[in-house]
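Inside the fold
Listed below are the residues making up each chain.
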Amino acid sequence: MKRTHRCTELTTADVGKEVVVMGWVQRRRDLGKLIFVTLRDRSGIIQVVFNSETNPELHEKASQVRSEYVLAVRGTLARRSEEAINRNMVTGEIEIIASELRILNKSEVPPFHIEENVDANEALRLKYRYLDLRRPHLQRNLHLRHRIAKIARDYYDDNGFYEIETPFLTKSTPEGARDYLVPSRVHPGKFYALPQSPQIFKQLLMVSGFDRYMQIVKCFRDEDLRADRQPEFTQIDLEMSFVDMEDVIAVNEGFISRLFRETLGLDIPVPFKRLTYKEAMERYGSDKPDTRFGLELVNISDLVAESGFKVFRDAVENGGSVRAINAKGAGAKFSRKEIDALGEVVKTYKAKGLAWMVVEAEGLKSPIAKFLTETEIGQIKERLGAEPGDLLLFVADKDEIVFDALGHLRLELGEKLGLIDHKRYDVLWVTEFPLLEYDEEEQRWVAKHHPFTAPMDEDIDYLDTDPGRVRSKAYDMVINGYEVGGGSIRIHSQELQARMFRVIGLSDEQAGERFGFMLDAFKYGTPPHGGMAFGLDRLTMLLAGTDNIRDVIAFPKVQTAACLMSNAPDVVDEKQLEELHIKTTVNDKSEA
RNA sequence: GGCCCGGUAGUUCAGAUGGUUAGAACGCUAGCCUGUCACGCUAGAGGCCGAGGGUUCGAGUCCCUUCCGGGUCGCCA
């Protein structure tokens with residue numbers, strides 16, 4: 001038998017035709033002399049009918065069929081009678097009257113029922129991932145992922161990009177995330193590192209004159225997982241020569257715009273909104289703001305700098321700030337307990353506490369009111385546009401903590417107050433990032449983006465005198481509060497690059513050891529260049545409307561970076577370790 | 001590494017205050033059933049209550065340790 005159609009390719013237009021479908025048994029409904037089987041393939045499901053009256057042998061065979069058996073069915077496509085139509089099914093108006101059945105394979109009873117609304121827990125489903133992947137939801141997500149990759153390749157090809165592969169077995173670069181290491185058999189005691197990104201290689205391709213490069217590529221970072229983070233993930237990576245930031249932005253706006261149009265049919269007009277890093281932090285408390293709703297931060301430092309409330313006054317005196325959010329209407333909605341819970345949220349981000357005021361028609365309810373004058377309260381209310389029923393929330397601390405705490409509180413409030421339109425996509429750029437940030441632990445400046453990012457021309461002079469003030473030619477693309485991509489114009493001058501390394505505390509010698517080949521390359525005519533990379537997984541999540549990255553990866557890992565299906569990572573033979581000149585410090589009893 | 005949540009039939013869950021033989025639904029098996037589509041009806045099988053230790057006359061329940069899964073902080077140039 002040869003398959004003629006996928007299940008849902010059949011329509012009322014095909015009624016009367018002899019067809020052959022192949023797939024899995026979704027459900028069998030055995031009414032005795034009449035058996036209905038819903039057959040599933042990647043397109044969806046269709047009902048097959050076996051009638052003992054018209055074909056007793058066939059009916060007998062159909063009665064042996066169970067869930068997830070693999071069948072080939074030949075039959076005549078028929079229109080269902082009016083009463084038998086199932087409006088909830090794509091193929092609910094038709095069915096196949098079977099004339100031949102082949103059981104291509106049997107199946108054990110699956111550990112969970114494979115249907116759209118699974119209730120089995122995720123760990124079990126991950127162990128049997130190949131079964132979970134049969135669900136329409138995951139089939140759709142991976143199809144969407146395929147289409148995004150296809151559109152990316154088409155779009156960048158249309159714009160003159162070459163897809164070029166870069167090595168996975170490469171050299172460890174200690175800046176940034178922890179590396180996954182691969183031991184070398186041939187070079188005892190030496191290790192390759194899996195790339196955190198193809199950053200250096202793509203820049204070298206610019207030195208080589210390829211002009212425009214792109215690649216859909218796996219990247220590896222040995223850091224702890226999150227709902228939107230996996231240890232191996234995929235980037236749509238690209239780099240361009242002879243461009244400035246506006247060129248890179250324009251090309252990639254074109255891509256995102258086309259992506260939304262061709263996948264969701266949505267029009268995202270270009271140019272996209274832009275926020276500077278400073279503005280994003282001051283208004284949203286985040287460098288990846290979700291701009292689908294308001295609740296913006298308001299600085300009230302000047303109003304309370306001299307205040308009788310010590311917490312506020314001290315914060316301002318110590319160079320920090322006092323900022324607030326007006327949670328419109330929440331004063332009337334939230335109980336005391338719920339407000340206290342918000343206090344716990346900000347404590348997660350190191351804020352010492354959350355001050356609050358419930359604005360009422362006559363005065364206000366607030367534990368801090370007694371520390372403030374009538375005038376101060378009046379000014380605060382005015383600046384926050386407070387009206388009766390509002391809840392005003394304050395954090396006073398170093399700016400960094402205030403932004404972090406209120407930024408996350410804002411997201412929590414947006415969700416709680418139902419202010420987020422989940423059908424909406426807000427796409428924007430965040431620009432003018434700080435080039436460097438001070439690492440307290442290591443007592444040195446580190447690159448915020450990576451050490452090849454170019455400083456903004458007007459700030460270069462501060463590189464040695466006031467490094468924290470230098471802004472970079474970096475840009476992130478943010479959609480609905482997710483950083484979906486980022487990039488920068490790179491340093492292409494050998495001198496500036498050396499200066500950058502010095503600022504982040506890398507001696508010429510260390511820089512030479514780590515990036516020598518790159519510095520060498522830069523001596524031979526490096527074009528001005530820049531680029532960016534998109535997180536394919538996150539883009540797919542957003543377009544699929546899920547907040548779980550495992551929903552868009554065929555074989556994802558769990559929080560401990562293990563694969564529940566294959567049981568990776570696992571112990572290996574002693575012989576393998578010997579060949580690699582490796583001895584672990586782990587007592588093998590504890591591993592058994 | 002820290003904090004929070006969870007772990008009881010194949011699955012999803014219920015099991016006040018510790019108390020005889022641990023329940024339900026779905027699934028599974030068998031029988032009946034010609035228009036079902038979460039088919040229906042009848043019967044049946046199915047449990048190391050995540051693991052180890054402790055308290056107790058007695059532990060699914062209380063205590064300690066540990067393992068597994070999720071979220072999150074740190075981390076993620």
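Conventions we followed
- All residue numbers refer to position in the chain's written sequence, counted from 1.
- In the order they appear in the text, chains get letters beginning with A and ligands get numbers beginning with 1.
- The model is predicted, so local features are restricted to residues of pLDDT at least 70 and side-chain atom pairs to those at 80 or more, both for listing and for counting; the totals for chains, interfaces and linings are taken over all residues.
- Water and hydrogen atoms were dropped before computing side-chain values, which therefore reflect all heavy atoms in the structure.
- Runs of E in the DSSP output that reach at least two residues are strands. Runs of H or I that reach at least four are helices, and both are numbered from the N terminus.
- Any residue under 20% of the maximum accessible area for its type is buried, any over 50% is exposed, and the rest in between are partly exposed; the area is computed with a 1.4 Å probe on protein chains only.
- Whether two residues are in contact is decided by their heavy atoms, any of which lying within 4.5 Å being enough.
- Every accessible area reported is derived by Shrake-Rupley at a probe size of 1.4 Å, with residue values counting cover from the shown protein chains alone.
- Counting rule for charge: Lys and Arg are taken as positive, Asp and Glu as negative, and neither His nor the chain ends is counted.
- Working definition for charges: the position is that of NZ of Lys, CZ of Arg, CG of Asp or CD of Glu.
- Here a residue counts as near a molecule or strand whenever at least one of its heavy atoms sits within 4 Å of it.
- The term polar contact refers here to a pair of N or O atoms within 3.5 Å; inside protein, the definition further demands a hydrogen-donor-capable atom paired with an acceptor-capable atom, and it admits residues adjacent in sequence only when both atoms are side-chain atoms.
- In this analysis a 1.4 Å probe is tested at points of a 1 Å grid over the protein atoms alone, and where it fits but cannot get out there is a cavity; an open set with protein on both sides within 12 Å along at least five of seven lines is a pocket; lining residues have an atom within 4 Å of a point.
- Grid points are joined across faces, edges and corners, and a volume is the space filled by probe spheres set on the points.
- Only Asp, Glu, Lys and Arg are considered charged, only Ala, Val, Leu, Ile, Met, Phe, Trp, Tyr, Cys and Pro nonpolar, and every remaining residue, Gly among them, polar.
- Confidence of the predictor at the level of single residues is captured by pLDDT, which takes values from 0 to 100.
- Strand pairing is defined by DSSP finding a minimum of two bridges between the two strands.
- Only the stretch in contact is used when a helix axis is fitted, and all axes are lines through C-alpha atoms; the angle between N-to-C directions ranges over 0 to 180 degrees.
- To estimate the expected span of a helix, count its residues, drop one, and scale the result by 1.5 Å.
- Pairing of aromatic rings covers Phe, Tyr and the six-membered ring of Trp, with a centre-to-centre limit of 6.5 Å; geometry is then stacked below 30 degrees between planes, edge-to-face above 60, and tilted otherwise.
- Our definition puts a charge over a ring when NZ of Lys or CZ of Arg is within 6 Å of the ring centre and also within 35 degrees of the ring normal.
- When a carboxyl oxygen of Asp or Glu lies within 4 Å of a side-chain nitrogen of Lys or Arg, that pair is called a salt bridge.

What to know about the overall build of chain A
The secondary structure content of chain A amounts to 19 helices and 22 strands. Its C-alpha atoms give chain A principal-axis dimensions of about 90 × 75 × 55 Å. Every one of the 592 residues in chain A was classed for burial, and the buried ones make up 48%. Long-range pairs, those at least 24 residues apart, make up 68% of the contacts in chain A between residues at least 6 apart in sequence. Total accessible area on chain A stands at roughly 30000 Å², and carbon and sulfur atoms take up 49% of it. Mean positive and mean negative side-chain charge positions of chain A (81 and 97 charges, respectively) differ by 5 Å.

Thoughts on the protein's contact with RNA strand B
Around RNA strand B, a shell composed of 47 residues is seen, among which D30, E53, A84, A447 and H449 lie nearest. Near the protein, within 4 Å, the atoms of RNA strand B are sugar or phosphate in 51% of cases. Within the side chain of E53, a nitrogen or oxygen atom sits 2.3 Å from a base oxygen of RNA strand B. Side-chain polar atom of D224 to a base nitrogen of RNA strand B: 2.6 Å apart, as the coordinates give it. Sorting the residues of the surface near RNA strand B by element identifies β1 (18–30), β2 (34–41), β3 (44–51) and α2 (122–127) as the ones contributing at least two each. With 3 residues, the top contributor of residues to the surface near RNA strand B is β1.

Re the layout of surface pockets
Here the second largest pocket defines a volume of roughly 940 Å³. Residue lining of the second largest pocket: 35 residues in total, with R42, S43, G44, P136 and R140 positioned closest to the centre. Listed by contribution, the elements that provide at least two residues to the lining of the second largest pocket are β1, β2, β3, α4 (136–158), α6 (245–264) and α17 (536–544). The leading source of residues in the lining of the second largest pocket is α4, at 10 residues. Residues that form the lining of the second largest pocket fall into these classes: 12 nonpolar, 14 polar and 9 charged.

What to know about the confidence of the model for chain A
Averaged over all residues, the pLDDT of chain A is 94; the fraction at 70 or higher stands at 99%. The low-confidence segment residues 588–592 (pLDDT under 50) makes 2 contacts with residues lying over four places distant or belonging to another chain. Interface scoring of the predicted complex returns ipTM 0.92; its pTM is 0.95.

Comments concerning the sheet that holds strand β12 (residues 298–299)
Spatial ordering of the open sheet is given by β12-β13-β16-β14-β15, a layout of 5 strands whose pairing is antiparallel. Each end of this open sheet is capped by a strand with a single partner; those strands are β12 and β15 (364–365). Examined bridge by bridge, strand β14 (residues 355–359) and β15 share 2 bridges and lie antiparallel to one another. Within β15, the position partnered with V359 by the bridge is L364. Taken strand by strand, helix α9 (residues 310–317) contacts β13 (321–327), β14 and β16 (391–397), and its axis lies near 45 degrees from that of β16. Each of β14 and β16 touches helix α11 (residues 336–348); the most contacted strand, β16, lies at about 25 degrees to it.

Re the side chain of T540
If you trace the backbone, T540 turns up in helix α17. In terms of polar contacts, T540 uses its side chain to reach the backbone carbonyl oxygen of L536, at 2.6 Å. Contact partners of T540, with chain neighbours within four places excluded, come to N141, L144, R145, I148 and V552.

Examining helix α13 (residues 399–416)
Within an α-helix, residues lying three or four positions from one another point in the same direction, as the helix has 3.6 residues per turn. The terminal C-alpha atoms of α13, which comprises 18 residues, lie 25 Å apart, in line with the 26 Å expected from a rise of 1.5 Å per residue. Burial in α13 covers these residues: I401, V402, F403, A405, L406, G407, L409, R410, L413 and G414. On its buried face, α13 is in contact with α7 (277–284), β13, α11 and β16. Directly after α13, the chain includes G418, whose backbone phi takes a positive value near 65 degrees.

Here we look at the sheet that holds β1
As summarised here, the arrangement of the 5 strands in space is β1-β2-β3-β5-β4, forming a closed barrel in which the pairing is mixed. Sheet twist, expressed as the average angle between the axes of neighbouring strands with direction ignored, equals 55 degrees.

Considerations on the packing of aromatic side chains
Taken as a whole, this structure holds 18 aromatic pairs when the rule is applied. An angle of 45 degrees between the planes, with centres 5.8 Å apart, marks the rings of F312 and F394 as tilted. Residue F312 is located in helix α9, and its partner F394 is located in strand β16; the two are separated by 82 residues in the primary sequence. As far as the burial class goes, F312 and F394 line up, both buried. Seen from their ring centres, Y438 and W445 are 5.3 Å apart, and the 75 degrees between their planes marks the pair as edge-to-face. A residue is classified by how much of its surface remains accessible, and Y438, at 36% relative accessible area, is partly exposed. Relative accessible area serves as the criterion here: at 23%, W445 is assigned to the partly exposed category. Following the ring pairs from residue to residue traces out a cluster consisting of Y155, Y156, F161, F255 and F534. The ring of F293 has R410 sitting right over it, with the charged end atom 4.0 Å from the ring centre.

A short note on the pattern of salt bridges
Tallied over the full model, the rule gives 53 salt bridges. One salt bridge connects R87 with E82, and the closest N-O pair in it is separated by 3.4 Å. Relative accessible area serves as the criterion here: at 55%, E82 is assigned to the exposed category. R471 serves as the salt-bridge partner of D459, at 2.8 Å between the closest nitrogen and oxygen. With a gap of 12 residues between them, D459 in the loop between β19 (444–447) and α14 (462–465) and R471 in the loop between α14 and β20 (474–479) connect regions that are remote in the sequence. Taking relative accessible area as the criterion, D459 reaches 5% and is therefore assigned buried. The structure contains a network of salt bridges with shared partners spanning E18, R74, E100 and R102.

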